[in-house]
Amino acid sequence: MPHRVFLLILLLFDFVFTAPVSAQEVLTWADCLAEAKKNHPDLISTAESVNQEKAAKEVSVSTLFPQTGADLDISRAKTGSTTANSYSYGVSGTQLIFDGMKTSSEIRAASENVAAAEQNYRFASTEIRLNLRGAFINLLKAQKLVKVSEEIVKIRRDNFALIRLRYESGLEHRGALLTAEANFASASFELAQAKRNVEFVQRQLTKELGREEFTPLTVAGDFTVRETAVEKPDFGALVKNNPSVLNALAQKNAASFGIQSARANFFPTVSGSAAAEKSGATWPPDNARWNTGVSVSLPLFEGGLKTAQLAQARSAYKQAEADERSTRDTIVVSLERTWAALRDTLETVDVRRKSLEASEERSRIAQAQYSTGFIAFDDWIIIENTLVEAKKSYLEGQAAALLAEAAWIQAKGETLEYAL
């Protein structure tokens, strides 16, 4: 009798946790990509970094254009009993003529800084895509785990019912009954735990979508891996378009122009100037004057400043050169590692699928054998436990394969625009 009461409680517990939930927003992978591209704060931040570098380039370019200004002066002065008014207005301008290619080098360096910022934007996009995909897969897995847990609860419930009948008929011992009870309780707990985990991964996905407020949602998708990469790719070709490598290359190029800019400090700076002005004691003033000129500036001694600046620029270039090589080597290794991991997980999924199929078939056979007393409880329960673990293992393998695919796509440098 106590066992019947316990079974009733567990069945009620099972019903509560398997009752249908209210309708939630359903997102596809394409929906997630579109929303993250629009709303993710990290992407917005790096986009503004690109805009800042573009503005910095325009600041450098402005030096090549005439620099003009206008002035107006109105004053009143008193000396003794005499009061005098003074009025003047005019315009002036300067034009850089020659600076040893310093400005043009700075502009080219600024262009490379823009390119580096754009590649940094691409890198941020690849990272966001990886995290977004991971959150999407985790929610997909959590949803599937609820279904798998429900299947396991059914298996354990049916097992418990069968063993209880055999126990009450005197065909099974008390240890088998208690084991079945414990397995049912454990399966029911894992189902409740799986459902609680869904909300946590929903919050993860909400963050990666760039949403400011949390709302319950579900995702629609499957566990099909499309980036299988069966043949070993040309890693050398893939690395050429990687944003991290291109960012390091742009920084190296900017540093090379920094050397040219530092060398230009040893050349004179030549500028032209012109001004026109009217002044007088009454308004409007009628005394006009103008001037034009050329100025040449060449510092003769600054305590080794320019030499130190050139040495600093050369060192920065060598550092950027080494950083580029290191980045390239790191990316090649990452490509090799993630490709191998993808192939491993795909083969693992295939193995686990076959194991699950075998476990399901063995379970069907063992179920009939145990019902007829052909095999003992200890042998049967091992087969049932193997089936339960095979279901979990197959789901873990499927999710791991999707995560490995996402890592491979990120290693290749694909951004949020990459739809797979």
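Residues numbered from 1 in each chain as written. Predicted model: local features only at pLDDT ≥ 70, side-chain atom pairs only at ≥ 80, totals over all residues. Heavy atoms only, no water.

**Quick word on the packing of aromatic side chains**
Scanning the model with the defined rule gives ten aromatic pairs in all. Relative to Trp339, the ring of Phe235 has its centre 6.5 Å away and its plane inclined at 70°; by these criteria the two rings are edge-to-face. Of this pair, Phe235 sits in helix α6 (residues 235-239) while Trp339 sits in helix α8 (residues 305-371), and the two are 104 residues apart along the sequence. Relative accessible area serves as the criterion here: at 8%, Phe235 is assigned to the buried category. Through pairs of rings, three or more aromatic residues link up here, namely Tyr87, Tyr89 and Trp283. The residue whose ring lies beneath Arg133 is Trp29, and the NZ or CZ to ring-centre distance is 4.7 Å. Across the ring face of Phe214, the terminal group of Arg203 is positioned such that the distance to the ring centre comes to 3.9 Å. (Phe/Tyr/Trp six-rings, centres within 6.5 Å; stacked < 30°, edge-to-face > 60°. Helix = DSSP H or I, 4+ residues; strand = E, 2+ residues; numbered from the N terminus. Buried < 20%, exposed > 50% of the residue type's maximum accessible area, 1.4 Å probe, protein only. Lys NZ or Arg CZ within 6 Å of the ring centre and 35° of its normal.)

**Quick look at the side chain of Asn183**
Note that Asn183 resides in helix α5 (residues 174-209). In this structure Asn183 comes out as buried when scored by relative accessible area, which is 18%.

**Describing the environment of Glu227**
Position of Glu227 among the secondary structure elements: in the loop between β4 (217-219) and α6. Residues Glu227 and Ala404, spaced 177 residues apart in sequence, show a C-alpha to C-alpha distance of 9.7 Å. Apart from the residues lying within four places of it in its own chain, the contact partners of Glu227 are Leu342, Glu405, Trp408, Ile409, Lys412, Tyr418 and Leu420. (Contact = heavy atoms within 4.5 Å.)

**Observations concerning a nonpolar patch on the surface**
Side chains of Ile97, Phe98, Phe266, Phe267, Val294 and Val296 sit close together on the surface and give an oily, nonpolar patch of about 610 Å² of accessible area. Only β3 (82-98) and β6 (287-297) provide two or more residues apiece to the nonpolar patch. Mapped onto the secondary structure, Ile97 falls in strand β3. Judged by its relative accessible area of 54%, Ile97 falls in the exposed class. (Patch = residues over 30% accessible without salt bridge, like charges linked within 9 Å, V, L, I, M, F, W, Y side chains within 5 Å. Areas by Shrake-Rupley, 256 points an atom, 1.4 Å probe, with all protein chains shown as cover. Salt bridge = Lys/Arg side-chain N within 4 Å of Asp/Glu carboxyl O.)

**Concerning the pattern of salt bridges**
All told, the structure shown has 24 salt bridges when counted by the stated rule. The salt bridge involving Lys392 is made with Glu389; its shortest N-O contact spans 3.9 Å. Of this pair, Lys392 and Glu389 both sit in helix α9 (residues 377-412), three residues apart, which is roughly one turn of the helix. We classify Lys392 as partly exposed; its relative accessible area is 22%.

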